[in-house]
There are 2 protein chains.
Amino acid sequence: MFESFAVYLTEKASLTPEDLKLVEAVTVAKKLRKRQYLLQQGDISHQNCFIAKGCLRLYRIGEDGNERILRFGIENWWMADYESYNSGQPSKCNIDALEDSELLLIEKNELDALYKAIPKLHNFRVMLEAKSFDASQNRILSIISETAEQRYETFIRSYPEIFNRVPLHMIASYLGVSRETLSRVRQQYVR
Amino acid sequence: MFESFAVYLTEKASLTPEDLKLVEAVTVAKKLRKRQYLLQQGDISHQNCFIAKGCLRLYRIGEDGNERILRFGIENWWMADYESYNSGQPSKCNIDALEDSELLLIEKNELDALYKAIPKLHNFRVMLEAKSFDASQNRILSIISETAEQRYETFIRSYPEIFNRVPLHMIASYLGVSRETLSRVRQQYVR
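Just so you know, these numbers come straight off a predicted model, no measurement behind them.

**A look at the overall build of chain A**
- Along the backbone of chain A there are nine helices and eight strands.
- Since a compact globule built from 191 residues should have a radius of gyration of about 16 Å, the 18 Å found for chain A is in line with a globular shape.
- Principal axes of the C-alpha set define a box for chain A whose edges measure 55 × 35 × 30 Å.
- Put simply, chain A has 191 residues, and 47% of those count as buried.
- Sequence separation of at least 24 residues holds for 69% of the intrachain contacts in chain A that already meet a minimum separation of 6.
- Of the accessible surface of chain A, which amounts to about 9,600 Å², a share of 49% is contributed by carbon and sulfur atoms.
- Of the charged side chains in chain A, 26 are positive and 26 negative; the average position of the first set lies 4 Å away from that of the second.

In structure tokens form, the structure reads like this:
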């Protein structure tokens, strides 16, 4: 399972075979079945997770009992609750698998040590975090300024590979529109 | 004007007088009058800006010609369009002053050199960026899951020092609600 992670790190972060050995030494493989949790509210998110296969979601349960989806993740994406991960405080979120998934986990302290040992990996991480912040800013802009129709189109255009794998009611939750509104929008869109 | 920046860096990032000399050598002071631009759409956001005094906003003009406010900034906050700053691409945003403001600017390449020279400053930056990302995730959660009333309350609770300084229609834009809705919410809230 490490193979796909190795390919990713070689292509994206230019890691050498020697670098990869350091990474492999601290990487733990884990399989999740569909619906299984990676993280539950109250746990500390102490591992960063690379998704080798499958699909995960990060979500919070609102006071009304409804799920609010903060993020999806698929192959070659990273997943953790970074608020908990960075602060060491218990998470307010859950992460679970929407499909049978194969994951590669690294403990935060091990990953921090890798960043020191492999500056290229650290630079890659900084770049990823900047992109992630940009994406969240663009998502905010989309939610505060676009109609339900436009948000749906933006989502399909931005994440075509997620849109086909995730149930409609979860996309509605992610976009912050009701399921009924999204069904109507989707019908219009298909026409 | 550097004095307030020095106090901030000493208190928050534990910089020494020697560190501060390095920072001061590359810091440029700038005053902005109310309504003046720090950045205009199409410019590259090549400086990070520390706000010593005043209030700025970062916003984008939508296709409908309306302003969408992505962020406010006041004393002791940083401001730039980080998407443009990190990518070196022209900005899609504007930054202007909502009050007469005093700013301290550092060019990106100078700041990157400071991070190498002063690891404490780099660690502080990493911590700030993580907090900024958390704030954006919480804002997304607020927008996709809360009513206009709740969003307004969340905003007042999170940013009491901004809420009194910024016109209501800009808070409406920030929250993604219409001006009319926010006026109604505010009246209810005052009662």
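Let's pick the thread back up.
**Observations concerning helix H2 (residues 17–25) of chain B**
Residue and element names in this part refer to chain B.
- Residues Asp19, Leu20 and Val23 constitute the buried set of H2. Projected onto a plane normal to the axis of H2, the buried residues spread over an arc of 100° and lie on a single side. Among the exposed residues of H2, those pointing more than 90 degrees away from its buried face are Pro17, Glu18, Lys21 and Ala25.
- Tucked into the core, H2 has its buried residues touching helix H1 (2–13), strand E8 (101–107), helix H4 (108–117) and helix H5 (119–145).

**Considering unusual backbone geometry**
All names here are of chain A.
- Look at Arg35: it is not a glycine, yet its phi comes out positive at around 80°.
- Along the chain, the position of Arg35 falls in the loop between strand E1 (28–32) and strand E2 (37–39).
- Judged by its relative accessible area of 67%, Arg35 falls in the exposed class.

**Here's the deal with the relation of the copies chain B and chain A**
- Each copy superposes on the other: chain B lies on chain A with an RMSD of 0.0 Å after a rotation of 180° and an axial shift of 0.0 Å. Here the transformation between the copies is reduced to the relation of a two-fold axis.
- Looking at the interface residues of chain B, 100% of them are also at the interface in chain A, so both copies use one shared face.

**Digging into the sheet that holds strand E5 (residues 67–74) of chain B**
- Across the sheet, four strands lie side by side as E2-E7-E4-E5 (chain B); this open sheet has antiparallel pairing. Each having just a single partner strand, strand E2 (37–39) and E5 of chain B make up the two edges of the open sheet. Within this sheet the neighbouring strands show an average axis-to-axis angle of 30°, counted without direction.
- Across the face of the sheet, helix H5 (residues 119–145) of chain A comes into contact with strand E4 (55–61) and E5 of chain B while running at roughly 125° to E5(B).

**Observations regarding the confidence of the model for chain A**
- For chain A, per-residue confidence averages 94 on the pLDDT scale, and residues scoring 70 or more make up 100% of the total.
- The complex prediction reports pTM at 0.88, with the ipTM value standing at 0.85.

Rules used in this analysis
Residues numbered from 1 in each chain as written. Chains lettered and ligands numbered in written order. Predicted model: local features only at pLDDT ≥ 70, side-chain atom pairs only at ≥ 80, totals over all residues. Heavy atoms only, no water. Helix = DSSP H or I, 4+ residues; strand = E, 2+ residues; numbered from the N terminus. Rg over C-alpha atoms; globule rule 2.2 N^0.38 Å. Buried < 20%, exposed > 50% of the residue type's maximum accessible area, 1.4 Å probe, protein only. Contact = heavy atoms within 4.5 Å. Areas by Shrake-Rupley, 256 points an atom, 1.4 Å probe, with all protein chains shown as cover. Lys, Arg positive; Asp, Glu negative; His and termini not counted. Charge placed at Lys NZ, Arg CZ, Asp CG, Glu CD. Arc of directions from axis to C-beta. Least-squares fit on C-alpha atoms with pLDDT ≥ 70 in both. Pairing = 2+ DSSP bridges. Axes fitted to C-alpha atoms, helices over the stretch in contact; angles between N-to-C directions. pLDDT = per-residue confidence, 0-100.

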